[in-house]
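# Structural overview for review
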Amino acid sequence: MSTNLIKMVKLNNLQYNANRDPQVYRRVAGHPFRIQAMLEGKGTAKISVTCEGKALKEASLELPGIFSYEITFKNAGIRIATLTVSANGQSESHDLLLDTEAHAKVG
């Protein structure tokens, strides 16, 4: 019987939901996105965050535990970051939409 390694993913301190309005998670260029993952299980997990084909962060963490990472983009655009957790022969991934605006809206 396998269990989920990732209990919950948060983006900018809000539980991530791909169906939620992207404006909720959007950031202005130069402001960080905060990715958090609440992990379950036993043993040691390998965690990686990749975006645009580049590994941004790789870490090991004792389970259960909380993984946290902040990333900042210098220019506007929409990117897909993938959070991958592997432990005990099991692997789980979540895609996160990171939407960055050139400047903040006024009003």
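Presented here is a report on the structure given in the accompanying data block. (Residues numbered from 1 in each chain as written. Predicted model: local features only at pLDDT ≥ 70, side-chain atom pairs only at ≥ 80, totals over all residues. Heavy atoms only, no water.)

Glancing now at the pairing of strand β4 (residues 33-51). The sheet contact formed by strand β1 (residues 6-11) and β4 spans five bridges and is antiparallel. Paired with L11 across the strands is I35, a residue of β4. When β4 meets strand β5 (residues 54-71), the two strands line up antiparallel, connected through 16 bridges. Bridging from a neighbouring strand, R34 pairs with E70 of β5. Taking the residues between adjacent antiparallel strands as the criterion, β4 and β5 are bridged by two residues, where E52 takes a positive phi near 55°. (Pairing = 2+ DSSP bridges. Helix = DSSP H or I, 4+ residues; strand = E, 2+ residues; numbered from the N terminus.)

Here the focus is a nonpolar patch on the surface. A grouping of I78, I80 and L97 is seen on the molecular surface, where their side chains present a nonpolar patch of about 270 Å² in accessible area. Considering the arrangement of structural elements, one finds L97 in strand β7 (residues 90-101). Given the relative accessible area of 30%, L97 is considered partly exposed. (Patch = residues over 30% accessible without salt bridge, like charges linked within 9 Å, V, L, I, M, F, W, Y side chains within 5 Å. Areas by Shrake-Rupley, 256 points an atom, 1.4 Å probe, with all protein chains shown as cover. Salt bridge = Lys/Arg side-chain N within 4 Å of Asp/Glu carboxyl O. Buried < 20%, exposed > 50% of the residue type's maximum accessible area, 1.4 Å probe, protein only.)

Next up on the list: the side chain of N12. Inspection of the secondary structure assignment puts N12 in the loop between β1 and β2 (14-15). On the basis of relative accessible area, N12 is assigned to the buried category, the value being 9%. One polar contact links the side chain of N12 to the main-chain carbonyl oxygen of Y25, over a distance of 2.8 Å. Ignoring any residue separated from it by four or fewer positions in sequence, one finds N12 in contact with Y25, R27, P32, F33 and R34. (Polar contact = N/O pair within 3.5 Å; in protein donor to acceptor, adjacent residues only side chain to side chain. Contact = heavy atoms within 4.5 Å.)

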